[in-house]
Structures are given as C-alpha cells and as structure tokens.
Amino acid sequence: MIAPLVAAEGVGRVFGQRGLFSGRRPVAAVAEVSLTVGRGEAVGLVGESGSGKSTIGRILLGLLPPSEGRVLFDGIDLTRIRGAALRRLRRRMQLVFQDPYVSLDPHRRVGAQIADGLTIHGLAAGAAATARAAAFLEEVGLQPEHAKRYPHQFSGGQRQRIGIARALATGPDFLVADEPVSALDVSAQAQILALLADLRRRRGLAMLFISHDLPAVRHLCSRVVVLYLGRVMEEGSTEAVLTSPRHPYTAALLASAPSLDPARRRRSAPLRGEPPSPAKPPTGCVFRTRCRHALPMCEQARPPLRETGTPGHRAACIRDGSDAGGA
Amino acid sequence: MRRFPWLAAMAVCVIALTAVLAPVLLLASPVRIDIAHRLGGASAAHPLGRDELGRDELSRLIWGARSSLTVAFGASLLAGVIGIGFGVLGGFFRGVVELLTVRTMDIVLCFPPLLLALLVVTVLGPGIGTLIPVLALLFLPGFTRVAYAGVLATRALDYVEAVRVLGVHPTRIMLRTILPNIGGPLFVQFSLAVAAGVILESGLSFLGLGVVPPTPSWGLMIGAARATMTQDPALLLWPCLALSGTVLSINALCDGLGERADPHGVVRWRRSGLLGALLPGLAPPAGAVLALADLTVAIETPSGTIHPVREVSLSVGAGETLALVGESGSGKTLTGLALLGVLPDAARVTTGAAWLEGREILRLDPAARRTLTGSRLAMIFQDPTSSLNPLHRVGAQIVEAIRAHQRIGRRAACIRALSLLRKVGIADPEQRLDAFPHELSGGMRQRVMIAIAIANEPRLIVADEPTTALDVTIQAQILDLLATLQRTSGLAMIFITHSLPVVAEIAERVAVMYAGEIVEEGAVAEVFAEPRHPYTSALLASAPDEGGSPPRPIPGTIPQPHALPKGCAFTPRCPRVLAACEATHPPLLAIAAGHRSRCIRATEA
Amino acid sequence: MLWLARRIGISICLVWIVASIVFLAIRLIPGNPAELLLSQGGVAPDPRAVTELKRELGLDRPLWTQYWASMDDLLHGNLGNSLEDGTPVMSEVLFRLPRTLELIFAAGLFAALVGVPAGTLAANRQGGLFDRFAGWLAGLALAVPVFVTGTLLILLFAVNLQWMPAGGYVPFLQNPLQHLVLLAMPALTIGAGLAAAVFRMTRSAVLDVARRDHVRAARAKGLSPFRVLRRHVLRNAMLPVVTVFGLQLGALLGGTVLVEYVFNWPGLSSLLVEAVNARDYTEVQGIVLVISVLFVALNLLIDLIYAALDPRVRLQ
C-alpha cells in the first residue's frame, strides 16, 4: 500500500489549559482523530459548528501543535521539527481561508501577495516572480492585468480565486480548504467548487475540504470524514457514506439537508435538542444525548471506529448500523 | 471621503516652524529685564508690549512656544519609540514578555498624570531635563496599549495567518504586515501625546514647578500675568491665546486624520410623506393577506441614486408561504424591510403600495403604522445574535414586544412570554426567561426571535434568512417549527432566502429576484420542474444536487446597481440572449395561471 | 462573584504597589533630605542637627526596616507628621479631602447632565446647526487647558463684570448659598473639558448604536421612537460613555490641582502644591498616596458600574 501523503494519528487538542487566573476548564476541541489523505486525493471533513474541523485543518498544517498524537507529512513528523525546517516544509502545504474579505492584505496589490510565496522560498524573484504571479491569476480564471489591483476592487468570488492563486504559488502537494465557499453567493460557490476540482485534476493536488455542508462535498471528494464534538463518527468513500450512512449522526445530517425536490419534504426534523458543550462532553458515546437509537450501553464506553462490511467504510457506533439510514 | 485637514496642518506647521526658527528670527531678547518700561504698551519695537518685568512679550511668546514644543515633542518621541517597541513585542510574543512590557504599564496608569509629575518634580527638582523623561513615562502606557491592541487585532486576521502559512519568518511578518496596519492609530496617539505634553508642561510651569525661569514658557507667563490681571489684561490674554491656539490646532489635525471615512454618509433621519397619493384603480387582489404593487426603493449614494428594489409586486394568502429567493444584491432583504417600515435611514420607498388585509400601509402616519408593526405584521431577522439587545434579559425583550400592543400588566405578560417560549420549543422556559442573549446558543436565540414575532398573533411574518446563520441540523428544527406554527395559526409567511433547497422545503410559491426585480414567480413545484427564466434555470443548475450531476456555475457576476445593463438585467450572463433582450426592458408577464416571467422567450419550448 | 473578588483583589494589590513606589520615590531624593531641609537658608547646617533630624525622621535605619515601618504605619492610618509644622498628615488630609471630592463630583455631575443630552441631540440631528455648533464648542473646551479657563473666567466674571468673588471658600453649613456660588466656577472649569469628552463619546456612540441590528429589530416590534431611543440606543450607548469617565479620571484629578490653586479652593490638591513648594516630603508622600488611592478606588467604581450595565463582562 502506498503511504499516504498526510497522516494524522490519534490527534487531540485541548484549549484553555494554562493561566493561573483563567478559571476556565480545559476544553478538548478534538480527540482521538486519525485520518489520512493520499497523494492527489480529495478528502472531505464535514461537521457542524463546534465539531473541531477547523482545528484539525490547522493541526494537519502544523500551524497548531496537537496536545496528543502526531501528524506525518510525507513521512516527516510535524511535531518534531521547528523553526526554519518547518518553514521550508510549508512550501508543500497551503491553506485557503473561509472569508475572502479578510484573507487578503488590504494594503498590498494582489500580484505582490501571490508572488510572496515564490520569493520567500527562492523559487523566483523580481520580474520572473511577477510574471509567474500573473500566470497563476490566469490559471484561476482572472486576467493578468488584475495583478496590479488592490483586494477591495474585487468581488467575494474573485477574492477567493486570488486566495487560491496565492496558495498555489509555492507549488504545494497538499491544500487545506477551510470552508472556502461558505461566505459566497450560490453562483460564486459553484464557480469555486468547479475551480478546485479542476485544479486538483490538473495538478494532482491532495486536498482536505472542510465544510459544514455534506452535499457540497459530493462532487469534489472521493472520501469523507464526519465529525461531531471533535471526534470521528464515520468515514469512508463519499459514495458509501452518502448513500448508506452507518452512523445515526451522518444519517441525521443527510436527512436535515433540504432537498431541491419539493416532493421529498421531511415530516419532522431528524435531530432534536442542542449540541452539548465541548467543555462537558457526554460520557461514553458523545452523540448519545441526541440519538434516537441510544441504548443504556452507549453511556458506558466510547465506541471505537469499526468496519461496517464495506472496505474502508467505518463508523463509531456499537449498533449494527444497518438501520441507521432509516427514519 | 476623508478630507485632509489642511487648515489645522498648516497652523501646526507654522507654529512649529516659528518655534524652531526662533533663534534666527530677529526678535528682541526674551530675557532682558527692563523694569523702567514694565507693562509697556504696544510699539514698533515691541508689537505686543512688554510684560511685568519689561521684557518683550512677542519674543517671549515665540520662545515660549519653543519650550513647550520641545518638551512635548521630545517626551512624545521618547515615549513613542519605547512604547511601540514594548507593545509590539508584548503583542507578538505574549507570555512573559507581555507581562514585563504591557502589564507593568498598568502600574504607571495608577497615578493621575499630573500627580506623578508633581511627585517626580518634588524628588528631582523642576526643569526641562526632568520634564521630558517624566512626561515620556506618562505617555508610555498609551503608546504601549495602542501598539499592543493593534498587534493583537492584526494577528488574528486571516491574511497574517496566510503569511505565516507561506513560511515567512516571524520578524518579517511583524515588520511587513503588522506595522503598516497599526500606523494610523499610532500617529493619532502621537498627536494626542504632543497636545497633552503642551498642556501638562504649561500646567506645571504655571504652578512654578515646570520650566525654570528665565526660560520663557506660556504657563509661566500666564502665572505671572495673574498678578497684573486688573492693570493689563492683554498680558494675560496673549499667552492664553497662544497656548489654546496651539493645542486646538494639534487636536484639529489629530481629529481630521483620525476620522474614519464614514461609509454610510450623513444619515438623514427621514420624515415621512414622500410617497405620492394612491393611484386610482390600484386595488389589492381579494383574499390576499398581503399584496405589494410596484414597490420601488431608492438609496442615495455618493455616486448617485440607486434603486435596489424596482417595481416589485407580489401577494400572499392566508396559511401560505411565499419564498423570495435571490443572491446578495438582489434586493430581497430591502423588500422585506420596506414592508415592515424599518428601512435604513439612507433608503426610502419612492413608489408603490402595500395592502395588509385590504388596508394600505405605506401611506399611514407613523403612529398608525406602529400599531401594525410587531402585531399584525412581524419580522424574524437573519442574525439572532445581533438582533437581540445584549444588555437586556431575553424575557424582558419578549415582554416588551407583548406590552407594546397589548394592554396587560407585567406579570400577565411574563406568563404569556413563558407560554410563547414553550410554543417555540424551548425546554425549561422559566430559566431561559432570565437569561441574557449571550448565554443561549444560536438555535435558541432564533427561537426567542420567533417567539417575539408571534407574540401578538400576526397575520403575516416576514422571515429574512432566519436559518442562514445556523447549523444544518438546527436549521431543520427551525424550519420545522415555522411550518408547525403556520399550520396551527394560519398565518402567511414571506420567507427570504438565497438557498433553493430551503425554498423547496418550506414554500408553496416562489418569487425569484435578480438585480432588484422579480424575474419569475409561480408555484414551487412548477417553477423548479420547468423554470421559465434563464436565471432561474441557472440557479437551479448551480445548486448541489442529490441527483449526481455536478453544480454548474453561472458565468459572470451580478451587475452593480449603478451600472445596470440596458434592457434585461441578465443579458451579459444569459445563454439564450437575443438582440431584442438588450433593446427594451422586459415586463413581468403571466405565462400561465399563477406563473409569471420576465423573459421574452419564456413561452418558447 | 468570583469576578468581583478578583477585581477588588487586584485593586488592593495596586494600592500596595502605589504605596511602595511613593515610599521609594521620596527615599530616592538625591542628596540628604534632612540636610536639604535644614539648609534652606543657604547656610550649611549644623551636622549635629542633621543627625538629630535624620534620627527623628527614621532615615538612619536600613531601607528595609524603614519600608516595613512605613507599611505598618499605613495600615494603622498613620501617614506621619508634617515636616513644616508637625501636625499629623492624616488629619490634614481628612479635613481637606471632602472639599476635593465635592469638586470632582460636582464636575462629574455637570459633565453628565450637559454632555449626554447634548450628544444625543447632536446625533439625532446629525449635520445640523446644533451638531456643528456643539462640536465646535466641545473642540474648544478640550483644547483650552483647565488653568487657562479658570483664569479667564476669573478675569471675566470677577474682575470685569464683578458678578462673583475671585475665589475662596465658605463651609456649606455656614452659608449654603455662598458655598454653592463659590463652588460653581471651579466645578464648571473642570467640568467643561469632561463635558466635552462626554459629549463627543455620546454622539459617536449613539450614531454607532442606532445603526445596529437590535435597534432595527426593536423598531420592527412597533415600539415608539422614544422607547427605542431610551431602552435600545441610549442604554447601549452608555457603555462607552462610562468608559470615557474612567479615561478622563486622571485628567480630572490633575485638574483639581490647578483649579484649587487658581480659585483658592482649600482642597487636598492645593495642599499638595503648598507641600511641594515647602519641600515637606512627608506631607507630599501622604497626599500623593491618598489621591492615588482615591484614583484606584474611582477606577474600581467605574469598572463596577460598567459591569452592572453590561452582563457580558461578568463572565470573565
């Protein structure tokens, strides 16, 4: 088996530990998460607010150290390297931000911001860098002349394209896209999703696509990981997870998403109640407080991720799972 | 637009220049005493007369400027350099560094400035040599705080993180990205410090504890002139004028530079009565709870008047949900706000009519309109966090809505509020009644907003993207709640959204808006199955779909309101455009019963 | 509640730090304080007298011992004795403190009663005549230093028009009317700058809050404009205004020093100036300490008022 490009092993992250006067209890935003992204593969990381998906994205990029576990990038342990070595490795992994209105420096021309990646890592300088920056702009669907403009002169969708161009400049092998379309209009969303799919095919990029929207993941990602309260509930190929989910939470997520077909209206909301506070997660299975199928046993211990029959498709539920897709 | 404060800047430059050039200007000596001519009047050699010791007043004024400005600038510069260093280091490295740099400044802030200055002067004696360091110490916390806050704010911005992701060295990040962003507030702080320095120095000199005579200082001059106030008031007035004028100029410069460009422009609080009389023959369709005819909203912008809502007509019946769908800039939210009468002050309704249960509401006087707003006609807003007042308890805000329209006592209103909370699905409502908005989750806040909207049993609710800010599982709960409330009370709803799947989920009829106009309207099943406008088709195709086909993007972008295309607004992006489309502006025409479209090719196969 | 205890705890710490700094400052005087005191005539003092004075002031003991003795004294309310006339500093301070407090509160009251309504009105009619005039007046009030205002007021009202005496003091119980008349000008002098700052902040806060979503939602409830203004605009706008009072406290207390001097108002701050001029170190130390403690206490009060107004603060 080919080693994956990015591998997180048992990663956890706790916030709010230090500080004598903080008086706040530590919060485990992420716990026991393992996932892999192969070369050229697009993996979707799906969860609602408080699921810890953004935290995982940043841990995978080495921007945030995990409190436990480790992250391997092309075999290199990110938790063990620092300083200049880590900065050099950055060239190969990049981030696309959620809000296109604050992810670009308002005081600098967009061409210069794209060229930054080239000059920092010594890939090009001066006029060569400017030319290549303009080429990147073209690749994402803008005009080379736009390099001389400032961010405020572009629309939200265009700014997001610039953000993607900036991420491509260093020639990365791995791209983390943190909810890249959530802040955009519907028509711009479709454009950016198409762009990302296209880039992945052309450049063989590995991608982690973070989103709260399951349907959006369908066309871009071959595999998907579903998170709830910082833990993996289910993972597998997009096809398998979306057509026959094995975890009640995934089923509820899918059923909650409104459908374009008016004939397929739900009769009632699939999931009741509020998500629990990350500071006080329920004992045993963290989803049991809202699960329609909860058993007394669910309170005892955290269910491990186990195979469901289809290879690569795993769910963290002690039940059989075959009826999870139902009402 | 920000206007550069030319007048203030020139005044400051003139004053500063005069002070700097004092030694080379041909002035009389400021220190030569001439008792024989004390309190002498104005003359050719002494344009402003002489002071109580016979010295030339004008010369003393100018040399006094020199003292004050030297102290003020020197102290501000010193404080600025050290303070910015402290603040930036503390903000960037946090931890122990922050403790040493920023937190220690809090100790300096424990002393009122003049007091600390007096203490130090007691210890070290007066004079410029003492004044500059002590004033620098006083200004240090201000600079440190501004730099620190600026660094923290900039650090949190995505584009700084983006630079970090690129692999840039921390120092380079600091210099390149953060410093230019905090330049503005720091400059303002510098001007404030200089002004404060001038005031503090003159105050201390006034008390005899600042600049040491014979060096002239405005403070000293004012102090001395007090004794001869009755005999020669002018002697007192000149230094007062010079001092006040200098501080005023610096303050004006500071204000002028620090003023943010106000994107809203001058807000004019509207007077009503701008709508013309109702045209005869315009009447609402029978049986409609709400009917809108040709609603047009105008907004004044620096680049001219724009019309973000143009001739919108629609109607909603009892128990029915009409979805108003469009992207940002389509005018859907403004339409809803116009109905409720809560448009922003820069916008106003220019033409059109709206009937609520047969009664025209846009031409009512404000008091009459208010009896309907929040009772017969209610609104649910998009962001429940910002739409609830963070300082009042949730219960109080519901009770307020109830008592605005029902004559009941507070206790009765509280009981009603409790039942409303139960109705919107909030468990343990007694506790929630006393909670503040920030103590509730997003979903619960939206339920509270719904409770406020249904408090007075409205006939129509306008819901402006009520689930956009919520998680998808909570969104399902809220949509469910709205549908249930509608079924049990028969109220009509206008549901504003940008999401087509949500429209399919909740509405019977849909009106699609583009660039301020309705482009298609009809029953949801019909419109979604067979859209009759290219924009509707394109929107449907661009939504992610369970069918399996990938979302197809719409080329181009939404037109700006000041640059609308001639003819049909969608022509630049339309795949089925004809020459006729650009020529005339197409009207909204019925193409089947209850189905209208603005496309001239709507009836084609 | 935890928050409150922490806040008070911090204030007590600060008071202790302030006391220590004041103690050190006096001890850091270059030269020998005892010598400097006795040599005021310009004549070198008798060495025996110097040693005697040093022993009396306790300056011959090690610094550490002096420090603990001072702190101990402080806890018992003993601020030492004046070097000039030997009277206990504490009794002088207690006698004069209420008069300074009176000035501060009168100025604060004036600023609130004038600044807040004016700021609200200016915001309501933004760009109008009142807005521009008041803005200009506020700019002037902020630019003219407090002692200039005071001196000019005396020139106008006392010397030229002769409506009021040029300063002085009469105890309230002796002659209430005259007391208030004499209070008016000094309070107005300090209050003018504060009122200008309050005016500006109120205006900008009202403009800012009026545009917020919750105000629009309140209007959508059908509430009367007055109610919207009172409960949803002003109530929220008061937060930054309270902060402004806190920020101006330092200027306020410093202002009392100058104003008491100009108007001969026998408060604590004018005593300070006399003490500084007389090089009465013990007195200076005591007064600076008391005023600083007052400053810390007033800051704490403002923080408490802010927390009472804004429930979100009490979380931290």
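The structure displayed is predicted, hence computed values, not measured ones. (Residues numbered from 1 in each chain as written. Chains lettered and ligands numbered in written order. Predicted model: local features only at pLDDT ≥ 70, side-chain atom pairs only at ≥ 80, totals over all residues. Heavy atoms only, no water.)

(A) Structural detail: the domain arrangement of chain C. Residues and elements named next belong to chain C. Per the domain assignment, the segments making up chain C are domain 1 (2-89) and domain 2 (96-315). Averaged C-alpha coordinates put domain 1 and domain 2 at centres separated by 33 Å. The partner domain 2 presents 21 residues to the 25 residues of domain 1 that form the contact. Roughly 2,000 Å² of surface becomes buried between domain 1 and domain 2 when both sides are summed, with 74% attributable to carbon and sulfur atoms. Inspection of the domain 1/domain 2 interface yields 1 salt bridge. Among the salt bridges present, the one from Arg7 reaches Asp303, with a minimum N-O distance of 2.3 Å. Counting the contacts that link domain 1 with domain 2 gives 1 residue pair in polar contact (both at pLDDT 80 or more). Counting only elements with at least two residues in the side of domain 1 that touches domain 2, the list comes to helix H1 (2-27) and helix H2 (33-38). Top element by residues in the side of domain 1 that touches domain 2 is H1. It accounts for 12 residues. Grouping the amino acids of the side of domain 1 that touches domain 2 by side-chain chemistry returns 17 nonpolar, 5 polar and 3 charged. (Domains from an automatic or database assignment. Contact = heavy atoms within 4.5 Å. Buried area = accessible area lost by both parts, 1.4 Å probe. Salt bridge = Lys/Arg side-chain N within 4 Å of Asp/Glu carboxyl O. Polar contact = N/O pair within 3.5 Å; in protein donor to acceptor, adjacent residues only side chain to side chain. Helix = DSSP H or I, 4+ residues; strand = E, 2+ residues; numbered from the N terminus. Nonpolar A, V, L, I, M, F, W, Y, C, P; charged D, E, K, R; others polar.)

(B) Structural detail: the packing of aromatic side chains. Tallied over the full model, the rule gives 16 aromatic pairs over all chains. Ring centres of Phe206(B) and Phe147(C) lie 4.7 Å apart, and the angle between their planes is 25°; this geometry places the pair in the stacked category. Note that Phe206(B) is positioned in helix H7 (residues 170-206) and Phe147(C) in helix H7 (residues 146-160), a pairing that runs across two chains. With relative accessibility at 1%, the residue Phe147(C) sits in the buried group. Site record: aromatic cluster; members linked through ring pairs are Phe23(C), Trp64(C), Tyr67(C) and Trp68(C). (Phe/Tyr/Trp six-rings, centres within 6.5 Å; stacked < 30°, edge-to-face > 60°. Buried < 20%, exposed > 50% of the residue type's maximum accessible area, 1.4 Å probe, protein only.)

(C) Highlighting the packing of helix H13 (residues 394-403) of chain B against helix H16 (residues 442-454) of chain B. All names here are of chain B. Packing of H13 against H16 brings their axes to within 8 Å, and their N-to-C directions diverge by 20°. Comparing their axes, H16 and H13 come out roughly parallel. As H13 packs across H16, the resulting crossing turns out to be right-handed. Each of Val394, Gln397, Ile398 and Ala401 in H13 lies in contact with H16, whose residues at this interface are Val448, Ala451 and Ile452. (Axes fitted to C-alpha atoms, helices over the stretch in contact; angles between N-to-C directions. Parallel < 35°, antiparallel > 145°, perpendicular 65-115°, else oblique. Left-handed = near helix turned anticlockwise from the far one by under 90°.)

(D) Focus on the interface of chain A and chain B. Counting residues at the interface gives 56 residues for chain A and 61 residues for chain B. Of the roughly 4,900 Å² buried between chain A and chain B, counting both surfaces, carbon and sulfur atoms make up 56%. If you look at where chain A meets chain B, you find 1 salt bridge. Notably, a salt bridge pairs Glu161(B) with Arg58(A), separated by 2.9 Å at the nearest N-O pair. For the pair chain A and chain B, the number of links is 16 residue pairs in polar contact (both at pLDDT 80 or more). The set of elements that each furnish at least two residues to the side of chain A that touches chain B consists of strand S6 (93-96), helix H3 (110-120), helix H6 (186-203), helix H7 (214-217) and helix H9 (248-256) of chain A. At 5 residues, the largest contribution of residues to the side of chain A that touches chain B is made by H6(A).

(E) Structural context of the interface of chain C and chain B. Residue-level contacts link 70 residues of chain C with 66 residues of chain B. The junction of chain C with chain B conceals about 6,100 Å² of combined surface from both sides, 70% of it contributed by carbon and sulfur atoms. Taken as a group, Phe147(C), Arg216(C) and Lys221(C) account for 11% of the area that chain C buries against chain B, more than any other trio of residues on that side. One can count 4 salt bridges joining chain C with chain B. Put simply, chain C and chain B have 15 residue pairs in polar contact (both at pLDDT 80 or more) between them. Of the residues forming the side of chain C that touches chain B, the biggest block, 14 residues, is contributed by helix H10 (residues 225-263) of chain C. Residue classes in the side of chain C that touches chain B are distributed as 45 nonpolar, 13 polar and 12 charged.

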